Amino acid sequence: MKNDVLEISDTKYQVFRVEASSNSLTTDEILSGEFAKDKIWLILKMKDNEKYKSIFEGGIKRNEENPDYDNVNTSENSTY
């Protein structure tokens with residue numbers, strides 16, 4: 001069952017891998033839910049591994065707390 005697997009994974013964040021071109025149109029499609037779902041995979045943590053700890057346990061949070069807005073590129077028409 002889906003919930004059983006998610007409980008075993010026991011992470012604070014859900015991590016997705018998306019097979020896509022890196023451009024603003026694709027990003028907008030992903031965020032708006034218009035992107036092909038068969039190109040999106042949920043990545044689960046099934047055992048502890050120091051290499052990936054920052055992805056599944058919040059080490060990336062440091063960047064969220066201190067964003068570098070001067071280096072962010074967004075599409076003019078993007079709502080994101």
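What counts, and at which threshold
Residues numbered from 1 in each chain as written. Predicted model: local features only at pLDDT ≥ 70, side-chain atom pairs only at ≥ 80, totals over all residues. Heavy atoms only, no water. Salt bridge = Lys/Arg side-chain N within 4 Å of Asp/Glu carboxyl O. Buried < 20%, exposed > 50% of the residue type's maximum accessible area, 1.4 Å probe, protein only. pLDDT = per-residue confidence, 0-100. Helix = DSSP H or I, 4+ residues; strand = E, 2+ residues; numbered from the N terminus. Contact = heavy atoms within 4.5 Å.

**A closer look at the pattern of salt bridges**
- Under the criterion given, the structure shown has one salt bridge.
- With a closest N to O distance of 3.5 Å, Asp48 and Lys45 form a salt bridge.
- When its relative accessible area of 14% is taken as the criterion, Lys45 is described as buried.

**Looking at the confidence of the model for the protein**
- On average, residues of the protein carry a pLDDT of 78, and 71% of them reach 70 or more.
- Considering each helix and strand of the protein separately, the mean pLDDT is smallest for helix H4 (residues 61-65), with a value of 56, and largest for helix H2 (residues 24-32), with 93.

**Observations regarding the side chain of Lys45**
- One can find Lys45 in the loop between strand S2 (40-43) and helix H3 (53-57).
- Beyond its immediate stretch of four places on either side in the chain, Lys45 contacts Ile8, Ser9, Asp10, Thr11, Phe56 and Glu57.

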